[in-house]
Amino acid sequence: MGGGAAADGAADEGVTGGVAADDGVRGRAGGARGVGGARGVQAGPEAAAAAGTGTVAEEAGTAVAETGTAARLQKLFEGHRLTPTQRRIAHCMVRRAADAPFLSSVELAELAGVSQPSVTRFAVALGFDGYPALRRHLREVAPADKPGDTGSYNEYQQAVQAEIDNLRQLAAALADPSPVSEAGRLLAASRPLPVLGLRAATAQAAGFSYFARKVHPDVRLLDEGGTMLADRIDAAVRAGASALLCFALPRHPREVVDALDYARTAGLTVVTVADSAFAPVAHHTDLLLPAPVGTGLAFDTACAPMLLGRVLLEAMCDALPDAQARLEQFDAGAAARGLFVE
């Protein structure tokens, strides 16, 4: 199992990172992450009721079935007080929802980077006699046939297919638009609007900030850590900020968790785009919006978080009465300056 027991022990001590990875880097087999619970858009398509998520995919039939499986898994885990190791297993099962009913305890342990006994304890924590009982339950509510084999795809195609599935999962979550609409209102009302993203999440925060500045009067990008980060949060609060948007992607820097705690203590409402409802930032966030990342390549891929950022921009524009006028003003100025090549 290649170090599963060691990773399991680390997780039990509360370590919430990838296994021997940094800033979204992982080995070819992928790596497990520490996880935590949250409120906001969850992972399933019985969407509206629980703001849950799943995947929408052989194409339509298998897709809907996989989406339903992820949603049921999410609901199964909600309400249980799980250890860091158990949250890691839960996160792995949601991400591999289509395969989960068919995995042995040894296979699941290897995928999650934990020990096999931890998988057994996880099943018991959910109220089952053991892992076989949990797997029987999943098979009863899962599609009758295991999803089609993608073994004919090379590793690059598999990575693309995984990102397509992530986008379908995001689409299913957005069946209930109310959390995103709420987030858009919060961001639009904050003057200034601080946007936080460190390390692997820097690009997402910078991209959001670039476009947000075209419609929002005062967007402040927080993309550098260190002792100045708290000072910049304080400055935003003094200037009138009421909310902070955070992009949080694996591996999750401890500095981000500390910054979110500091922001909430300072009176800001924290909206976070994270890779999972089980992400370590979940308990430090007022409104969590999950968007899964791809882990099939040496570096994580983040198409879904990027797209969710654009969706948030749309929701923010809807809540800004002068957004369209600002866009038109920018376009007129750009044309007068010959800013873009037609």
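Analysis parameters
Residues numbered from 1 in each chain as written. Predicted model: local features only at pLDDT ≥ 70, side-chain atom pairs only at ≥ 80, totals over all residues. Heavy atoms only, no water. Helix = DSSP H or I, 4+ residues; strand = E, 2+ residues; numbered from the N terminus. Buried < 20%, exposed > 50% of the residue type's maximum accessible area, 1.4 Å probe, protein only. Areas by Shrake-Rupley, 256 points an atom, 1.4 Å probe, with all protein chains shown as cover. Contact = heavy atoms within 4.5 Å. Salt bridge = Lys/Arg side-chain N within 4 Å of Asp/Glu carboxyl O. Phe/Tyr/Trp six-rings, centres within 6.5 Å; stacked < 30°, edge-to-face > 60°. Lys NZ or Arg CZ within 6 Å of the ring centre and 35° of its normal. Axes fitted to C-alpha atoms, helices over the stretch in contact; angles between N-to-C directions. Parallel < 35°, antiparallel > 145°, perpendicular 65-115°, else oblique. Left-handed = near helix turned anticlockwise from the far one by under 90°. Nonpolar A, V, L, I, M, F, W, Y, C, P; charged D, E, K, R; others polar. Core = buried A, V, L, I, M, F, W, Y, C linked by side-chain atoms within 4.5 Å. Arc of directions from axis to C-beta. Pairing = 2+ DSSP bridges. Right-handed = clockwise from strand over helix to strand, strands pointing away.

A few points about the overall build of the protein
Here's step 1: When you go through the protein residue by residue, the secondary structure sums to 14 helices and five strands.
Here's step 2: In the protein, which comprises 342 residues, the proportion classed as buried is 48%.
Here's step 3: A total accessible area of about 15400 Å² is found for the protein, and carbon and sulfur atoms account for 53% of it.

A closer look at the environment of Val257
Here's step 1: Examined against the element boundaries, Val257 turns out to sit in helix H12 (residues 254-265).
Here's step 2: Excluding anything up to four places from it in sequence, Val257 contacts Pro280, Val281 and His284.

Side note on the pattern of salt bridges
Here's step 1: Going through the model one piece at a time under the given rule, you end up with five salt bridges.
Here's step 2: Note that Asp99 and Arg96 form a salt bridge whose closest N and O atoms lie 3.2 Å from each other.
Here's step 3: Accessibility expressed as a relative area gives 34% for Arg96, which makes it partly exposed.
Here's step 4: Residue Asp165 is joined to Arg168 by a salt bridge in which the shortest nitrogen-to-oxygen separation is 3.4 Å. Of the two residues, Asp165 and Arg168 are both situated in helix H8 (residues 155-173); the distance of three residues between them amounts to about one turn of the helix.
Here's step 5: Judged by relative accessible area, Asp165 falls into the partly exposed class, the value being 26%.

Considerations on the packing of aromatic side chains
Here's step 1: As enumerated under the stated definition, the model contains five aromatic pairs in all.
Here's step 2: For the ring pair Tyr210 and Phe211, a centre distance of 4.9 Å and an interplane angle of 80° mean the geometry is edge-to-face.
Here's step 3: Given a relative accessible area of 35%, Phe211 falls into the partly exposed group.
Here's step 4: Through a chain of ring-to-ring contacts, the aromatic side chains of Phe77, Phe122 and Phe278 assemble into a single cluster.
Here's step 5: One residue, Lys214, lies across the ring of Phe330, its end atom 3.7 Å from the ring centre.

Some remarks on the packing of helix H10 (residues 202-212) against helix H13 (residues 303-319)
Here's step 1: Contact geometry for H10 and H13: axes closest at 10 Å, N-to-C directions at 25°. The pairing of H10 with H13 is recorded here as roughly parallel in orientation. For the pair H10 and H13, the crossing hand works out as right-handed. Contacts between H10 and H13 involve Gln204, Gly207, Phe208, Phe211 and Ala212 on the former and, on the latter, Pro305, Met306, Gly309, Arg310, Leu312, Leu313 and Met316.
Here's step 2: Here the contact of H10 with H13 is built from residues that sort into eight nonpolar, three polar and one charged.

Digging into unusual backbone geometry
Here's step 1: A cis amide bond links Arg191 to the next residue, Pro192, at an omega of 5°.
Here's step 2: Along the polypeptide, Pro192 turns up in the loop between helix H9 (178-189) and strand S1 (193-196).
Here's step 3: That bond from Pro250 to Arg251 is cis: its omega, -20°, falls within 30 degrees of zero.
Here's step 4: Mapping Arg251 onto the fold places it in the loop between strand S3 (243-248) and H12.
Here's step 5: Even without glycine at this site, Arg199 takes up a positive phi of about 55°.
Here's step 6: Locating Arg199 in the fold gives a position in the loop between S1 and H10.

A few points about the nonpolar core
Here's step 1: Membership of the largest hydrophobic core comes to 32 residues, with the highest contact counts inside it found for Phe208, Leu245, Leu312 and Met316.
Here's step 2: The set of elements that each furnish at least two residues to this core consists of H9, S1, H10, strand S2 (219-222), S3, strand S4 (269-274), strand S5 (287-290) and H13.

What to know about helix H5 (residues 105-112)
Here's step 1: For H5, the full list of buried residues reads Ser105, Leu108, Ala109 and Ala112. On an axial view of H5, the arc spanned by its buried residues comes to 100°, and they lie on one face.

Thoughts on the pairing of S3
Regular strands place side chains that alternate from one sheet face to the opposite one.
Here's step 1: The buried fraction of S3 amounts to six of the six residues, a majority that puts the element mostly inside the structure.
Here's step 2: Both faces of S3 are covered, namely the face carrying Ala243, Leu245 and Phe247 and the face carrying Leu244, Cys246 and Ala248.
Here's step 3: Where S1 lies against S3, two bridges are found, and the strand directions are parallel. By the bridge assignment for S3, Leu196 is matched with Cys246.
Here's step 4: Relative to S4, S3 is paired through six bridges, and the arrangement is parallel. Residue Leu244 lies in a different strand from S4, and its bridge partner there is Val270.

Describing the pairing of S4
Here's step 1: Buried residues dominate S4, accounting for five of its six residues.
Here's step 2: In the classification by handedness, the crossover that spans S3, the intervening H12 and the parallel S4 is right-handed.
Here's step 3: In the sheet, S4 pairs with S5 via four bridges, with the strands oriented parallel. Considered in S5, the bridge of Thr272 is made with Leu288.

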